[in-house]
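Analysis of the macromolecular model
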Amino acid sequence: MNRLSHYFINGLIVLVPIAITYIVIATIFSIIEGLVESYIPLKFPGAGIALLLVVILVAGWITSTCTWASEKIINYFESIVDKIPVVKFIYSSVKRVSTMLFESKTMFSQVVLIPYPSPGMKTIGFLMPKPSKVIAPYLSKDEEYESVFLPWSLNMTSGFNVFIPKKDIIFTDISVEDAFQYILTAGGVMPGADIKKDLAKIQEMSARQNERKN
């Protein structure tokens, strides 16, 4: 039984990440294809994704080359949206978030350490855009402040922002990808760690324990 449980755990370690990745990608593709194909009935596999990519590229080309015409159309559309209270709030919020995500060069670009939750401790965070002119005067006139996002472990979609003096921030060379892995595994995968090597050690230790029990 010990050997079977060892095989079972190793099987989970190999298959669970593959299965979750496949399910997420397959679900996203099926949702997009279902939405697009419901309006334009194209039957070949991947038609929805292909059409969506074409629409995005065409929209990007129009707004980049025909600036005057596209701005007029967008301004006219936004003037109509501004007259609808709930729709106005949703549209403006989504537009701000999407603009920040796709155009900001400072969002999630730098991994930092800050003294949190107490002075002797350090927490990994992500440097965000600098405090705006509206917020900056309330922070300090003598010190430069930065905005840092602190995500929750195991869940990158939750967290909170803090404004902290720049002198208290440690700017690191840790890659964003390594920081994400560290946070999503609750510290199980340390930045710069050799995942394959660590996994091999865990499997070796597990095998030794099973041999001792047998």
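Before any of the text, the structure's been laid out above.
What you are looking at is a predicted structure, and each value in this text was computed from that prediction instead of being measured.

Describing the pattern of salt bridges
Taken as a whole and assessed by the stated rule, the structure comprises five salt bridges. As a salt-bridge pair, E144 and K130 come within 2.8 Å of each other at their nearest N and O atoms. Placement of E144 in the loop between α5 (136–139) and β3 (145–152) and of K130 in the loop between β2 (123–127) and α5 is noted, with a sequence separation of 14 residues between them. Residues K167 and D168 are paired through a salt bridge, measuring 3.3 Å at the closest nitrogen-oxygen approach.

A word on a nonpolar patch on the surface
A contiguous nonpolar surface patch, about 510 Å² in accessible area, is contributed by V16, I20, V24, I25, I28 and F29. Tracing the backbone shows I28 in helix α1 (residues 2–39).

Considerations on the packing of aromatic side chains
Aromatic ring pairs: the centre-centre distance and the angle between the two ring planes describe each pair. Scanning the entire structure with this criterion turns up three aromatic pairs. With a centroid separation of 5.1 Å and an interplanar angle of 40 degrees, the aromatic rings of F126 and F180 are classed as tilted. Residue F126 is found in strand β2, and its partner F180 is found in helix α6 (residues 176–184); the two are separated by 54 residues along the sequence. Looking at F180, the relative accessible area reads 27%, which means it is partly exposed. Relative to F160, the ring of W152 has its centre 5.5 Å away and its plane inclined at 55 degrees; by these criteria the two rings are tilted. Through successive ring pairs, a cluster of aromatic residues spans Y116, W152 and F160.

Topic: the environment of I170
Its location among the elements puts I170 in strand β5 (residues 170–171). For I170, a relative accessible area of 38% gives the class partly exposed. The spacing of I170 and P115 is 55 residues in sequence and 9.0 Å in space, taken between C-alpha atoms. Leaving out residues up to four positions away in the same chain, I170 has contacts with V111, V112, L113 and K122.

Points about helix α3 (residues 67–81)
Between the first and last C-alpha of α3 there are 21 Å, a value that for 15 residues agrees with the 21 Å anticipated at 1.5 Å per step. Taken together, the buried positions of α3 are S70, E78 and V81. One side of α3 carries all its buried residues, which in axial view fall inside an arc of 65 degrees. Exposed and facing more than 90 degrees away from the buried side of α3 are W68, K72, I73 and Y76.

Some details on unusual backbone geometry
For the bond from Y116 to P117, the omega torsion is 5 degrees, close enough to zero to count as cis. The topology assignment puts P117 in the loop between β1 (111–114) and β2. With a phi close to 55 degrees, A186 is a non-glycine residue in the positive phi region. Turning to its location among the elements, A186 is positioned in the loop between α6 and α7 (195–213).

Structural notes on the pairing of β2
Here β2 lies mainly inside the structure; four of its five residues are buried. One ladder, built from four bridges, connects β1 with β2; its direction is antiparallel. Across the sheet, the residue bridging to V112 is G125, located in β2. Both β2 and β3 contribute to a ladder of two bridges, which runs antiparallel. Bridging across to β3, L127 finds its partner in V148.

Cut-off values and rules
- Residues numbered from 1 in each chain as written.
- Predicted model: local features only at pLDDT ≥ 70, side-chain atom pairs only at ≥ 80, totals over all residues.
- Heavy atoms only, no water.
- Salt bridge = Lys/Arg side-chain N within 4 Å of Asp/Glu carboxyl O.
- Helix = DSSP H or I, 4+ residues; strand = E, 2+ residues; numbered from the N terminus.
- Patch = residues over 30% accessible without salt bridge, like charges linked within 9 Å, V, L, I, M, F, W, Y side chains within 5 Å.
- Areas by Shrake-Rupley, 256 points an atom, 1.4 Å probe, with all protein chains shown as cover.
- Phe/Tyr/Trp six-rings, centres within 6.5 Å; stacked < 30°, edge-to-face > 60°.
- Buried < 20%, exposed > 50% of the residue type's maximum accessible area, 1.4 Å probe, protein only.
- Contact = heavy atoms within 4.5 Å.
- Expected span 1.5 Å × (residues − 1).
- Arc of directions from axis to C-beta.
- Pairing = 2+ DSSP bridges.

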